[in-house]
Amino acid sequence: MTQWMNQVFCEDAMAGLARVPDGSVDLILTDPPYNLGKDYGNTSDQQSIEDYLAWTEAWIDAALPKLKPNGSLYIFLTWRFSPEIFVMLKKRMTMMNEIIWDRRVPSMGGSTRSFSSVHDTIGFFVRRKDYYFDLDAVRIPYDAQTKKARTRSIFVGAKWLEVGYNPKDLWSVSRLHREHAERVDHPTQKPLEIIERMVKASCPPDGVVMDLFMGSGTTAVAARRCGRNFVGFELNPEYCDVARQRLAALSETGKPVPDPQGQVPAPRKGRGRAKTAPVPSEALEQE
Ligand SMILES: C[S@@+](CC[C@H](N)C(=O)[O-])C[C@H]1O[C@@H](n2cnc3c(N)ncnc32)[C@H](O)[C@@H]1O
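Residues numbered from 1 in each chain as written. Predicted model: local features only at pLDDT ≥ 70, side-chain atom pairs only at ≥ 80, totals over all residues.

Looking at an unreviewed UniProt entry, one finds the chain named Methyltransferase and attributed to Pseudoduganella guangdongensis.

Peer 1: Mind showing me how you'd approach the site of the ligand here?
Peer 2: If you check the shell around the ligand, you find 20 residues, and the closest are S44, F213, G215, S216 and T218. The residue inventory of the shell around the ligand, partitioned by class, reads seven nonpolar, nine polar and four charged. (Near = placed C-beta within 6 Å. Nonpolar A, V, L, I, M, F, W, Y, C, P; charged D, E, K, R; others polar.)

Peer 1: Got a minute to help me understand the packing of helix α2 (residues 49-63) against helix α3 (residues 82-90) in this structure?
Peer 2: Each packed pair of helices is defined by two parameters, the angle between the axes and the distance between the axes. Orientation of α2 relative to α3, taken along the N-to-C sense of each, is 30°, at an axis distance of 11 Å. As judged from the angle between their axes, α2 and α3 are roughly parallel. Helix-helix and strand crossings are classified by hand; for α2 and α3 the assignment is right-handed. On α3, the residues touching L53, T56, E57 and I60 of α2 are E84, I85, M88 and L89. Looking at the contact of α2 with α3 residue by residue, the class counts come to five nonpolar, one polar and two charged. (Axes fitted to C-alpha atoms, helices over the stretch in contact; angles between N-to-C directions. Helix = DSSP H or I, 4+ residues; strand = E, 2+ residues; numbered from the N terminus. Parallel < 35°, antiparallel > 145°, perpendicular 65-115°, else oblique. Left-handed = near helix turned anticlockwise from the far one by under 90°. Contact = placed C-beta atoms within 7 Å.)

Peer 1: Help me understand α2, please; the structure alone is not making it clear to me.
Peer 2: Note that an α-helix has 3.6 residues per turn; residues three or four places apart therefore point the same way. Spanning 15 residues, α2 covers 21 Å between terminal C-alpha atoms, matching the ideal 21 Å at 1.5 Å per step. Of the residues making up α2, those classed as buried are Y52, T56 and I60. Along the axis of α2, the buried residues cluster in a sector spanning 65°; they form a single face. Opposite the packed face of α2, turned more than 90 degrees from it, sit the exposed residues E50, D51, A54, A58 and D61. Where α2 is buried, its residues touch α3. (Expected span 1.5 Å × (residues − 1). Buried ≥ 20, exposed ≤ 12 C-beta atoms within 10 Å, placed from the backbone. Arc of directions from axis to C-beta.)

Okay, here's the thing in structure tokens:
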């Protein structure tokens, strides 16, 4: 096994990137701190705006050389800093989509001086025109009712009815609640459904996905479930443990997951959300 592959490294991403050879990654899929004041056991989400944007630009410049020429990048953000960060990326790559993740937040009160924010913003960027993209792997099947309604002769033999439709750029997927089986102990864990769609569309089978900010390891789990490799970094040792436990649980199900580093206890779940530092109520609605 290549030494740097299929491991969650418990370290600063900027240091960890030195392990990864240039031009070796098919997909950078990353969910950095949004700088909304969250407590990840470090101050990464509590920086001044100036420091946050300078730090973001620094990790982007350190990460992009790791991409293959036909590689892609997905980045999770919110409206607060996506304008600035998309401009940074547009100077270096071609922007293909802004995907809106509608977190399906129920209507319960919320802001009184602005509209409640219930979505995250995801940027999809590529380096070259011949970037890898497998739409067929992520098409959504039409339901039986729609198929039946399209039985008129003009639709007969219509391939699109069989292959399903393009997921489009508005993804309505519920954020994770305690009752969700995949939920673990991380305050901003992303749903596998979203991450797996990105992996299947933008990383070839057996390719490599890199996540600089692993959190609970969702990208790693998605990559292994989809038959891809991963490399990732996470500062907080507790989240590293959670990620390794999730990967170990996967390997118990027979998936080809190599032993990450060290001992791996049984997976934990549902210990509640991590502490959140005081932030304006409007910002709290972001996650
Ligand atoms: C938004 S969360 C990622 C959540 C993840 N997508 C998941 O599904 O669990 C961002 C993570 O980045 C980590 N982090 C912050 N600064 C970092 C750094 N310099 N290097 C590595 N990880 C860092 C934080 O500890 C936090 O867990």
